[in-house]
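# Geometric and topological summary
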Amino acid sequence: MKLYEMAVAPNPRRVRMFLAEKGLLDKVERIEMDLQKGDNLKPNFVAKNPMKKVPVLETDDGIFISETMAICRYIEEAHPETQSLLGDTALEKAVIEQWLRWIDFYLFMPTGMSFQHGSGYFNDRMNCIKEWAEECRGKAVEFFDFLDAHFANNEFVCCERFTAADINTYTTVQFGKTIGLRVGDDRPHLKAWHDRIHARESAKV
């Protein structure tokens, strides 16, 4: 398999952590893309993913799969012999999916919008609105507070074990650094959870 990615971006990191937790990272060839230089806009990549985004997984059969969770779901289903990260029972699968959507809607999206509209990185390719960047950052801060309260009574995001919900939460919390949002002693429960996940080998990939 091949993974087309930009290593510093949060979504490819989600996939790498997922692969590492499944013990499969060393079985995947990683191909670095430079989005700033427009590698994702070249015809040979657009043929792989017409949405022009990373990550993209190329299977051993030459099939291209785009979107982070679609890739993770393929890996999960294709390798049932490894630990489950998306749930074993109907209830686990539903609860993990709930949290994946919460993280995407209420943390990843506002963090991403704040970065896009406030960092200056995208000034040459979109109409950046400073006020929207500030509004979205405020929403991300609110979700940090929500997570801090949640982890006061929970060791993991859900299901009382490590799952893809922890991966997506951790990588998104890390992404918060790009908008000056960091985990600190002012949110001790979130920090304790973050430090536990940060100590895992998969967090180093």
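Scroll up to find the structure this text is about.
A few points on the structure. (Residues numbered from 1 in each chain as written. Predicted model: local features only at pLDDT ≥ 70, side-chain atom pairs only at ≥ 80, totals over all residues. Heavy atoms only, no water.)

A few words now on the nonpolar core. Among the nonpolar cores identified, the biggest contains 46 residues, and Phe18, Leu19, Ile75, Leu147 and Trp193 are the most heavily contacted of them. Going through the elements one at a time, α1 (10-21), α3 (68-78), α4 (90-118), α5 (130-150), α6 (164-175) and α7 (188-198) are the ones with two or more residues in this core. The element that contributes the greatest number of residues to this core is α4, accounting for seven residues. Non-local contacts of Leu147, meaning those with residues more than four positions away in its chain, are made with Trp99, Leu107, Thr169, Val173 and Leu190. With seven residues, the next largest nonpolar core counts Met6, Met33, Phe45 and Val54 among its residues. (Core = buried A, V, L, I, M, F, W, Y, C linked by side-chain atoms within 4.5 Å. Buried < 20%, exposed > 50% of the residue type's maximum accessible area, 1.4 Å probe, protein only. Helix = DSSP H or I, 4+ residues; strand = E, 2+ residues; numbered from the N terminus. Contact = heavy atoms within 4.5 Å.)

Further remarks concern the environment of Trp132. Counting through the fold element by element, Trp132 comes out in helix α5. When its relative accessible area of 41% is taken as the criterion, Trp132 is described as partly exposed. The spacing of Trp132 and Gly118 is 14 residues in sequence and 8.2 Å in space, taken between C-alpha atoms. Sequence-distant contacts of Trp132, defined by excluding residues within four places in its chain, comprise Met113 and His117.

As paired strands, strand β1 (residues 2-5) and strand β2 (residues 29-32) are joined by four bridges and run parallel to one another. Across the sheet, residue Leu3 finds its bridge partner in β2, namely Arg30. One crossover worth recording links β1 to the parallel β2 by way of α1, and it is right-handed. (Pairing = 2+ DSSP bridges. Right-handed = clockwise from strand over helix to strand, strands pointing away.)

With the rule as written, the count across this model stands at zero disulfides. In this structure Cys72 is a free cysteine whose sulfur lies 14 Å from that of Cys158, the closest cysteine sulfur available. Of all cysteine sulfurs in the structure, the one in Cys158 sits closest to Cys159, which takes part in no disulfide; the separation is 3.9 Å. The exposure class of Cys159 is partly exposed, given its relative accessible area of 24%. (Disulfide = S-S within 2.5 Å.)

On the surface, Phe105, Tyr106 and Met109 cluster together into a nonpolar patch covering about 320 Å² of accessible area. Note that Tyr106 resides in helix α4. (Patch = residues over 30% accessible without salt bridge, like charges linked within 9 Å, V, L, I, M, F, W, Y side chains within 5 Å. Areas by Shrake-Rupley, 256 points an atom, 1.4 Å probe, with all protein chains shown as cover. Salt bridge = Lys/Arg side-chain N within 4 Å of Asp/Glu carboxyl O.)

Turning our eyes to something else, we now look at the side chain of Thr172. Inspection of the secondary structure puts Thr172 in helix α6. The exposure class of Thr172 is buried, given its relative accessible area of 0%. Among residues more than four places away in sequence, those in contact with Thr172 are Arg14, Ile103, Leu107 and Phe108.

What follows concerns the sheet that holds β2. One open sheet accounts for four strands, arranged β2-β1-β3-β4; its pairing is mixed. A single partner strand is all that each edge strand has here, and the edge strands are β2 and β4 (64-66). Geometrically, the sheet is characterised by an average inter-axis angle of 20 degrees between neighbouring strands, direction not taken into account. Taken together, the three bridges between β1 and strand β3 (residues 56-58) define a ladder with antiparallel strand orientation. Among the inter-strand pairings, Lys2 is bridged to a residue of β3, identified as Glu58. Along the sheet face, α1 touches β1 and β2 and points at about 150 degrees away from the line of β1. The strands that α3 touches are β3 and β4; relative to β4, the one it contacts most, it runs at about 125 degrees. (Axes fitted to C-alpha atoms, helices over the stretch in contact; angles between N-to-C directions.)

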